[in-house]
Amino acid sequence: MPAIQIHDKLFKPYLSEELIKSKIGEIAHRIEKDYQGKTPLFIAVLNGSFMFASDLFKMLHHPAEICFIKLASYKGTVSSGHVITSIGLDVPLIERDVIVLEDIVDTGKTMHQFLPQLRHQQPASLKICTLLHKEESTQFPVKIDYRGFVIPNKFVVGYGLDYNGLGRNLNELYELYE
Ligand code: IMP
C-alpha cells in the first residue's frame, strides 16, 4: 500500500485490513464466551466507531442489541469546564449488560467523563471495548475490558477514524509520516 495524502499531511500504511479483521474476530469470540446466556447491549460511539461496530457485530454469532450515540461536549455552568452529554441513548440500561464500543481511547478523558453517566442508570454490568488504545497517552485511567491494538502516541486515520473529516472510508489504518 502506498502512502496517501489527506489535506496537508502524508500518511503511511500501519495496520492492514486483514490484521484488523482477524483481531476483531478474536474480540467477537471472547465476547461470545463471556456473555453466554446473556444478551449484551452494545453502545457504539459515533462517528469513529461505525466501521468497527459494524464488523464486530457481523462477526458476533450471539444474541445482542446495538445502539449508536454521539457525544457532545458543552460548556457547563460549573467551573470545571466542558461537560459531555450523549445524544441518541434511547434504550433503558437498567439491569442490562452494556458494552461501550469506541474506535480509540487516547487520553481516556471521554470515557472517564461518560462512564459515570452510564453507571448512573444501574446496568447489570458495564464493559469497554476499543479497537485502539494509546496507552502511553493516558491521563484519565479507564479500565478497558476488550482492546484490539495498543498503539504508540501517533496520529492514525482510516477504518472509521478521520483527519479533519477525511479518511474514514479507508479499509485499513494509516499513521502520520513524521
Ligand atoms: P480521549 O478522550 O483523549 O480518549 O480521545 C478520544 C477521541 O479522540 C477519539 O474518540 C477520537 O475521536 C480522537 N482521537 C484520538 N486520537 C486519534 C487519532 O490518532 N486519530 C483520530 N482521532 C483520534
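Residues numbered from 1 in each chain as written. Predicted model: local features only at pLDDT ≥ 70, side-chain atom pairs only at ≥ 80, totals over all residues. Heavy atoms only, no water.

(A) Region of the structure containing the site of the ligand. Close to the ligand lie 15 residues; D106, T107, T110, K134 and V156 are nearest. T107 places a polar side-chain atom, nitrogen or oxygen, 2.4 Å from an oxygen atom of the ligand. At 2.9 Å from an oxygen atom of the ligand is found a main-chain nitrogen or oxygen belonging to G108. With the chains in place, 77% of the 490 Å² that the ligand exposes on its own is no longer accessible. Among the secondary structure elements, those contributing two or more residues to the shell around the ligand are β6 (97-105) and α3 (109-119). The greatest single-element share of the shell around the ligand, amounting to four residues, is contributed by β6. The class makeup of the residues in the shell around the ligand is five nonpolar, three polar and seven charged. (Near = heavy atom within 4 Å. Polar contact = N/O pair within 3.5 Å; in protein donor to acceptor, adjacent residues only side chain to side chain. Areas by Shrake-Rupley, 256 points an atom, 1.4 Å probe, with all protein chains shown as cover. Helix = DSSP H or I, 4+ residues; strand = E, 2+ residues; numbered from the N terminus. Nonpolar A, V, L, I, M, F, W, Y, C, P; charged D, E, K, R; others polar.)

(B) Region of interest: the nonpolar core. By size, the foremost hydrophobic cluster in this structure holds 27 residues, and its most contacted members are I31, F52, L56, L101, L131, L132 and L173. Of all the secondary structure elements, the ones that give two or more residues to this core are α1 (17-34), β3 (41-46), α2 (50-59), β6, β7 (125-133) and β8 (146-150). Among the elements that line this core, the one with the most residues is α1, at five residues. In this structure, L132 is in contact with L15, D103, I104, V105, F149, I151, V156, L161 and L173, ignoring residues within four places of it in sequence. I84, V91, F114 and I128 belong to the second-largest nonpolar core, a separate cluster that totals 18 residues. (Core = buried A, V, L, I, M, F, W, Y, C linked by side-chain atoms within 4.5 Å. Buried < 20%, exposed > 50% of the residue type's maximum accessible area, 1.4 Å probe, protein only. Contact = heavy atoms within 4.5 Å.)

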